[in-house]
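Residue-level listing of the chains:
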Amino acid sequence: MTKKLRITASILDVRGLIMSHQEEGCSVGFVPTMGSLHDGHISLVEKSSQENHITVVSIFVNPTQFNEKRDFEVYPRNIDDDLKILGDYPVDLVFTPDAREIYPKPDKRIFDFGGLDRIMEGKHRPGHFNGVAQVVSRFFEIITPDRAYFGEKDFQQMAIIQKMTMDLQLPVKIIACPIIRDEDGLAKSSRNKLLSAEERKSASRIPESMNRAKEQIGQLSVQQLIEQTIVYLHEDPQLETEYFEIVDAKSLKPIADWSARGQIRACIAVRIGNVRLIDNMDFSL
Ligand code: AMP
């Protein structure tokens, strides 16, 4: 352990500490999480600590971004383990508020994402991104970071946050961090902890199917590639694909053919039993 980790659930404490650092000219990096930490989160923490004088990590399972009550209830929570893990990294402050601290009154704000929230995750999880924007903007207000770190694992979330930050002219730089994967390619996720051993084996078909598709870019039409990938996924009866889309990485709109210029991203959501996993991959030509 490098130094004593400060942990607080109070906005007042957070403000006091951060202001004292900012008065000394320190830059603040912020890593928002819902806890149950893994190497994906840690990669964000490490990047923040390389680029800022102090790093603040929040652990808060935000109720307003869950569109299914059950999903919120079963979401893995391991605060003791999380704090132990963070103790081994150059983190200065861990903010662990409860819902009343973040939302003293119900948050009624509705954000306009210009349609980015009506596709893929937004379409399948109504209200999800509005809840994400509520909590992230609230955290930005409390923590006033110079830089905030988000994983490309949640690719659409990143686009939403970038748009919100621009629209509200918030003085924070959004930093995108690459996806960290397990050895078999499955993207690290807190939700992986909810998988049975058998389901965990099946889950490796998600990155595998995207890698297979990637090898065939240009050989099949976009539509054929999507259909073939879904057929391959469903060869395992445990998997149920919610969507598999190949989109322009900026607009997130589906591409019609491979002549598309710019960055291309393949995005997927799959259900395995009660667990819903998302992933994405760079499909740029
Ligand atoms: P979460 O706790 O799932 O809300 O994630 C907190 C942050 O960690 C988000 O910015 C995620 O995109 C990021 N993250 C989650 N999993 C990964 C991963 N496998 N690789 C990189 N970043 C990740």
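Since this is a predicted model, take the numbers as computed values, not measurements.

> Please give an account of the overall build of the chain that cites residues and values.
In terms of helices and strands, the chain carries eleven helices and nine strands. Its C-alpha atoms give the chain a radius of gyration of 19 Å, within 12% of the compact-globule value 19 Å for 285 residues. Along the first, second and third principal axes, the C-alpha atoms of the chain reach 60 × 40 × 35 Å. Classification of the 285 residues of the chain by burial places 53% in the buried group. Put simply, 73% of the contacts in the chain that link residues at least 6 apart link residues at least 24 apart. Accessible surface for the chain amounts to roughly 14000 Å². Of this, 50% is attributable to carbon and sulfur atoms. Of the charged side chains in the chain, 36 are positive and 42 negative, and the gap between their average positions amounts to 3 Å.

> Lay out the nonpolar core in plain terms, naming residues and giving numbers.
Judged by nonpolar contacts, the single largest core of 43 residues is most densely connected at F140 and I143. In terms of residues, this core owes the most to one element, helix α7 (residues 128-143), which gives nine residues. Ignoring anything within four residues of it in the chain, the contact list for I143 reads V14, R15, I18, Q22, V28, F30, V56 and F95. In this structure, L186, A213, I217 and L277 belong to the second largest nonpolar core, which totals 25 residues.

> Explain the sheet that holds strand β5 (residues 147-151) to me, and be specific about the residues and the numbers.
What the six strands build is an open sheet, ordered β1-β4-β3-β2-β5-β6; its pairing is parallel. The open sheet terminates on both sides in strands that have one partner only, identified here as β1 (6-8) and β6 (173-177). Strand-to-strand twist of the sheet, defined as the mean angle between neighbouring strand axes without regard to direction, takes the value 25°. Sheet topology note: the strand β2 (residues 28-33)/strand β3 (residues 54-59) ladder contains six bridges and is parallel. Note on β3: the bridge partner recorded for T33 is I59.

> Can you tell me about empty space enclosed by the protein, naming the residues and giving the values?
Under the definition given, this model contains two cavities of 30 Å³ or more. Of the volumes computed, that of the largest cavity is approximately 40 Å³. Taken together, K153, L186, A187, S189, N192, I206, L277, I278 and D279 make up the lining of the largest cavity. Per-element tally for the lining of the largest cavity: the top contributor is strand β9 (residues 275-282), with three residues. Of the residues contributing to the lining of the largest cavity, the split by class is five nonpolar, two polar and two charged. For the second largest cavity, the calculated volume is near 30 Å³. Looking at the lining of the second largest cavity, the elements that each hand over two or more residues are α10 (205-215) and α11 (222-233). When grouped by side-chain class, the residues that make up the lining of the second largest cavity number two nonpolar, four polar and one charged.

What counts, and at which threshold
Residues numbered from 1 in each chain as written. Predicted model: local features only at pLDDT ≥ 70, side-chain atom pairs only at ≥ 80, totals over all residues. Heavy atoms only, no water. Helix = DSSP H or I, 4+ residues; strand = E, 2+ residues; numbered from the N terminus. Rg over C-alpha atoms; globule rule 2.2 N^0.38 Å. Buried < 20%, exposed > 50% of the residue type's maximum accessible area, 1.4 Å probe, protein only. Contact = heavy atoms within 4.5 Å. Areas by Shrake-Rupley, 256 points an atom, 1.4 Å probe, with all protein chains shown as cover. Lys, Arg positive; Asp, Glu negative; His and termini not counted. Charge placed at Lys NZ, Arg CZ, Asp CG, Glu CD. Core = buried A, V, L, I, M, F, W, Y, C linked by side-chain atoms within 4.5 Å. Pairing = 2+ DSSP bridges. Axes fitted to C-alpha atoms, helices over the stretch in contact; angles between N-to-C directions. 1 Å grid on protein atoms, 1.4 Å probe; cavity = no way out; pocket = protein on both sides within 12 Å on 5 of 7 lines; lining within 4 Å. Points joined across faces, edges and corners; volume = space filled by probe spheres on them. Nonpolar A, V, L, I, M, F, W, Y, C, P; charged D, E, K, R; others polar.

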